[in-house]
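# Commentary on secondary and tertiary structure
Single-letter residue listing:
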Amino acid sequence: MDERPLFGPFSRKGSYSRVEVLDNLFADDRFVALYQETATLPEIDELMLYRRYLRKEDRVLLYGTFSPDLFNTLCQEGYDLYLVEPELNRITGISSRYMDRVYGLSNELVDVMGSGAFDKIVLPGTTIARYSRGELLLFFRNVRQLLRPSGQLLINIHNATYLRTNVQPIASRRIQDCTLFYGQKVDRNRLILNLYLKSDKDEKVSYAIEYLYDSDTLFEFAKLSRYTGRTLYEGKTVSILELDKIG
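So, here is what we can say about the structure in this document. Residues take numbers from 1 onward in each chain, read along the sequence in its written order. Local features in a predicted model are, by the rule used here, given only for residues with pLDDT of at least 70; side-chain atom pairs are given and counted only at 80 or more, and totals for whole chains, interfaces and linings are based on all residues. Side-chain metrics rest on all non-hydrogen atoms present in the structure, leaving aside hydrogens and water.

### A look at the sheet that holds strand E8 (residues 178–187)
Here is the rule: At least two bridges found by DSSP between two strands is the condition for calling them paired. Here a helix means four or more residues in a row that DSSP labels H or I, a strand means two or more in a row labelled E, and each is numbered from the N terminus. Note on geometry: axes are lines fitted to C-alpha atoms, helical ones only across the stretch in contact, with angles between N-to-C directions running from 0 to 180 degrees.
One open sheet holds the 5 strands; their spatial order is E1-E10-E9-E8-E7, and the pairing between them is mixed. The two strands at the open ends of the sheet, each matched to only one other strand, are strand E1 (20–22) and strand E7 (171–175). Neighbour-to-neighbour, the strand axes of the sheet open up by a mean angle of 25 degrees, direction not taken into account. Both E1 and strand E10 (residues 203–211) contribute to a ladder of 3 bridges, which runs parallel.

### Topic: the environment of leucine 191
Operational definition: A simple rule labels every residue: compare its accessible area, found with a 1.4 Å probe on the protein chains alone, to the largest value its type can have, and call it buried under 20%, exposed over 50%, or partly exposed in between. Note on contacts: a residue pair qualifies if any of its non-hydrogen atoms lie within 4.5 Å across the two residues.
Its location among the elements puts leucine 191 in strand E9 (residues 190–198). With relative accessibility at 6%, the residue leucine 191 sits in the buried group. On a C-alpha basis, the gap between leucine 191 and lysine 56 in space is 36 Å, while along the polypeptide they are 135 residues apart. With near-sequence residues (within four places) excluded, leucine 191 lies in contact with Leu163, Val167, Gln184, Lys185, Val186, Ala208, Ile209, Glu210 and Leu212.

### With respect to a negative patch on the surface
Using the following cut-off: A residue counts toward a patch only above 30% relative accessible area and without a salt bridge, and it is joined to like-charged neighbours within 9 Å or, for Val, Leu, Ile, Met, Phe, Trp and Tyr, to nonpolar neighbours within 5 Å. Only the protein chains shown count as cover for residues, with accessible areas throughout obtained via the Shrake-Rupley method and a probe of 1.4 Å. We count a salt bridge whenever a side-chain nitrogen from Lys or Arg sits within 4 Å of a carboxyl oxygen from Asp or Glu. Residues scored as positive are Lys and Arg, those scored as negative are Asp and Glu, and His as well as the terminal groups of each chain are ignored. The atom standing in for a charge is NZ when the residue is Lys, CZ when it is Arg, CG when it is Asp and CD when it is Glu.
A cluster of acidic side chains, namely Asp214, Asp216, Glu220 and Glu234, defines a negative patch on the protein surface. Within the fold, aspartate 216 resides in helix H9 (residues 215–224).

### Examining the packing of aromatic side chains
Heads up, the condition is: Here the aromatic set is Phe, Tyr and Trp, taking the six-membered ring for Trp, and pairing holds for ring centres within 6.5 Å; pairs whose planes are under 30 degrees apart are stacked, those over 60 apart are edge-to-face, and all others are tilted. Sitting over a ring, as applied to charges here, requires NZ of Lys or CZ of Arg to be within 6 Å of the ring centre and within 35 degrees of the ring normal.
Going through the model one piece at a time under the given rule, you end up with 9 aromatic pairs. Here the aromatic rings of phenylalanine 140 and tyrosine 227 are separated by 6.2 Å at their centres, their planes lie at 65 degrees, and the arrangement is edge-to-face. Separated by 87 residues along the polypeptide, phenylalanine 140 in helix H7 (residues 133–143) and tyrosine 227 in strand E11 (residues 227–234) bring together distant segments of the chain. On the basis of relative accessible area, tyrosine 227 is assigned to the buried category, the value being 3%. An angle of 65 degrees between the planes, with centres 6.4 Å apart, marks the rings of tyrosine 213 and phenylalanine 221 as edge-to-face. Since its relative accessible area comes to 4%, tyrosine 213 is described here as buried. Among the aromatic residues, ring-to-ring pairing joins Tyr63, Tyr131 and Phe139 into one connected group. Positioned above the aromatic ring of tyrosine 82, the side-chain terminus of arginine 101 is 6.0 Å from the ring centre. Just above the ring of tyrosine 227 sits the side chain of arginine 144; from NZ or CZ to the centre is 5.6 Å.

### A look at the pairing of E9
In terms of burial, E9 is largely enclosed, as 8 of its 9 residues are buried. Two elements, E8 and E9, share 9 bridges in a ladder whose sense is antiparallel. Looking across to E9, one finds that glutamine 184 is bridged to leucine 193. Hairpin connection from E8 to E9: 2 residues lie between these consecutive antiparallel strands, with arginine 188 at a positive phi of about 55 degrees. In terms of strand pairing, E9 meets E10 through 9 bridges, oriented antiparallel. Looking across to E10, one finds that lysine 198 is bridged to glutamate 203. Hairpin geometry of E9 and E10 is characterised by an intervening segment of 4 residues between the two adjacent antiparallel strands.

The following block contains the structure:
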């Protein structure tokens, strides 16, 4: 039995032999472009956010998907930034001047820079959403070793209630040489994104699963992982949290 989380017309497309099913949507740049578009909530200006909450004298680790243009801009302005991003096609566009600040996995950072190397770790909402509850709790505990004793986590999360009530029915976009169709559905605490592309050369279907969290849950996990925190901003679509490492 096929347990891939495809639904509706995406499931039907995935059953055709001519349609390739990708279990990793990041394997195709066209899916990546659409995913980045659908994951963006324009309520906050990210450049202004990081200029406000990051200090140039701090060493900062960005853990997960981050705009290459934004990374280049902040590095050029003098921020001491480093990035963990295992998907190569998500770092396309980062200037060659800053590629030595990009790492594939967190354990490389411990080996190269040592424990307690960072004053602050930034966790985008797309990073938080990739982990189930047990995985996220373990992740919070593991990244502690990368923070200095007075280090902090800066987290932005998409508002779970907003996402549950504003799922995207099937829509389409033209990207590069193809037409892309996408849709979302909520399954308990998961947001499931399905994607289908058709071009003159190929047809593909893929999907992404994201877990929905609210601020209270993250503060609960923070307490269990020896952090204490506060809400810096709470809006309609996104919240910004700051967690202090304890001990």
